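# Summary of the model geometry
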Amino acid sequence: MTASAGAVSSETARTQRWAAIGTGAISRSVVPDIQACEGVEVVVVHSRDADKAARFAAEFGIDRSTDDYEGLLVDDSIDLVYLATPFVTHHRMARAALEAGKHVLVEKPITMTSADAADLFDVAAAHDVFLMEAMWMKFSPAFLRLKKEIADGVIGQPRNLRASFCIPFPDDEYGSKWDVSRSGGALLDQGIYPITLAQSVFGEPIGVAASGTVRGDGLDVAEHFTLEFSDGRFAQCSSSMGEFSELTASVGGETGWLTLTPPFWATTDLEIHARSPHQIFRAPELIEYPRKGSGYRPMLRAVRDAISADLTQHPAHTAAETIAAMRTIDQVFAQLRVSPPRNMKEKQIHAEHPLP
């Protein structure tokens, strides 16, 4: 079924029944937003720890909880699995859900590699079920306004982009981010946002130049990278768990630039530096959108409507786009992880070459 590139319109035939998998911080933000969406009900929560699942269910008013994932997948009363577990589990758990005929919304990154992402979309297509990476940024009003202003030619042809997601995360509070066995690291958790933003504007890069800091155990602490596109266009991106950067993103063109205010991946505001010298240099137009809930509702409603319209992917965040972003992540990792010595805590690694 075809649909317009930004939204899917559909009448919800009946309430969709969703299962929330995982009880961590992201689920605590997303589940209330799911519960605020018309036509969707969270009917069960899963955790490997039955007590955690029960406490989460009681706190959020969910009728059922379980520690039995295989049993959940054969439950005909469940339509969709929302997967918010450690990244390293995404491919295995999402694949099992798809093979069981469940629709799947999986937290970013969809998998650890582009090959695994492609495999999941193949499985979804074979079983005629919906699959999407939960890239909420692409459904936010500020992001959609950015894309509209670019399409309307407000800044002329876009030529460059800058985006960074660098925040120091203390390991005593964010231990999982610093644990490579639990999918820790900066690129998959943070760097995916600058990459997704850049490729939503310019497409897939033709070259990548990356440099960064990698611990001896292979965990990437920080990276900065330039994505090269045709006709001299480029994006400068960075992600780090060790220090701050300015958390904005901007797209520059021939007649001005657009800025997503910090934090760019979750912002509700867009600055337009265009149309006149005064607006470019001194008084940009500020477009503000009210935040509702935690900010996930536009994406969740889009998923609901796509499923009601019998789509197997959403036109605003397609399989091709998701896999392409993961290919870029693969390229950055390939340049960063150049046999780091096991007897060193950290090593500065620099590599620079075009994509083959």
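Residues numbered from 1 in each chain as written. Predicted model: local features only at pLDDT ≥ 70, side-chain atom pairs only at ≥ 80, totals over all residues. Heavy atoms only, no water.

## So, the packing of helix H7 (residues 186-202) against helix H10 (residues 319-336)
Two elements in contact, H7 and H10, have axes separated by 10 Å at closest approach and are oriented at 125°. The angle between H7 and H10 places the two elements in the oblique class. Where H7 crosses over H10, the two elements pack in a sense that is right-handed. Packed against H7, whose contacting residues are Leu187, Leu188, Ile192, Ile195, Thr196 and Gln199, the element H10 presents Ala324, Ala325, Met326, Thr328, Ile329, Val332 and Phe333 at the interface. Counted by class, the contact of H7 with H10 contains 10 nonpolar, three polar and no charged residues. (Axes fitted to C-alpha atoms, helices over the stretch in contact; angles between N-to-C directions. Helix = DSSP H or I, 4+ residues; strand = E, 2+ residues; numbered from the N terminus. Parallel < 35°, antiparallel > 145°, perpendicular 65-115°, else oblique. Left-handed = near helix turned anticlockwise from the far one by under 90°. Contact = heavy atoms within 4.5 Å. Nonpolar A, V, L, I, M, F, W, Y, C, P; charged D, E, K, R; others polar.)

## A look at the pattern of salt bridges
Using the criterion set out here, one finds 20 salt bridges in the structure. Of the charged contacts, one joins Lys108 and Asp189 as a salt bridge, the two residues approaching to 2.7 Å between their closest N and O atoms. A residue pair is termed long-range when its members are at least 10 positions apart, and Lys108 in the loop between strand E5 (103-107) and helix H5 (114-127) and Asp189 in helix H7 qualify at 81 residues. A relative accessible area of 9% means that Lys108 is categorised as buried. The salt bridge involving Lys138 is made with Glu321; its shortest N-O contact spans 3.2 Å. Separated by 183 residues along the polypeptide, Lys138 in the loop between strand E6 (131-134) and helix H6 (141-151) and Glu321 in helix H10 bring together distant segments of the chain. (Salt bridge = Lys/Arg side-chain N within 4 Å of Asp/Glu carboxyl O. Buried < 20%, exposed > 50% of the residue type's maximum accessible area, 1.4 Å probe, protein only.)

## Concerning the packing of helix H4 (residues 90-99) against H5
Relative to each other, H4 and H5 sit at 10°, their axes nearing to 9 Å. The orientation of H4 relative to H5 falls into the category roughly parallel. Across the interface between the two elements, His90, His91, Ala94, Arg95, Leu98 and Glu99 from H4 touch Asp116, Asp119, Leu120, Val123, Ala124 and His127 from H5. When the residues that make up the contact of H4 with H5 are grouped by side-chain class, the tally is five nonpolar, three polar and four charged.

## Observations concerning the environment of Ala186
Tracing the sequence through the fold places Ala186 in helix H7. Counting along the chain gives 30 residues from Ala186 to Gly216, while the straight-line C-alpha distance between them is 15 Å.

## With respect to the sheet that holds strand E1 (residues 16-21)
Reading across from one edge, E3-E2-E1-E4-E5-E6 is the order of the six strands in this open sheet, with parallel pairing throughout. Of all the strands in the sheet, the pair left with one neighbour each is strand E3 (64-66) and E6. Geometrically, the sheet is characterised by an average inter-axis angle of 25° between neighbouring strands, direction not taken into account. Looking at chain direction, E5 and E6 are connected through four bridges and run parallel. Within the sheet, the bridge partner assigned to Val106 lies in E6 and is Glu133. Of the strands in this sheet, strand E2 (40-46) and E3 touch helix H2 (residues 50-60), which is tilted by about 160° from E3. Lying over the sheet, H4 contacts E1, strand E4 (80-83), E5 and E6, oriented at roughly 165° with respect to E5. (Pairing = 2+ DSSP bridges.)

None of this, on its own, says anything about what the molecule does.
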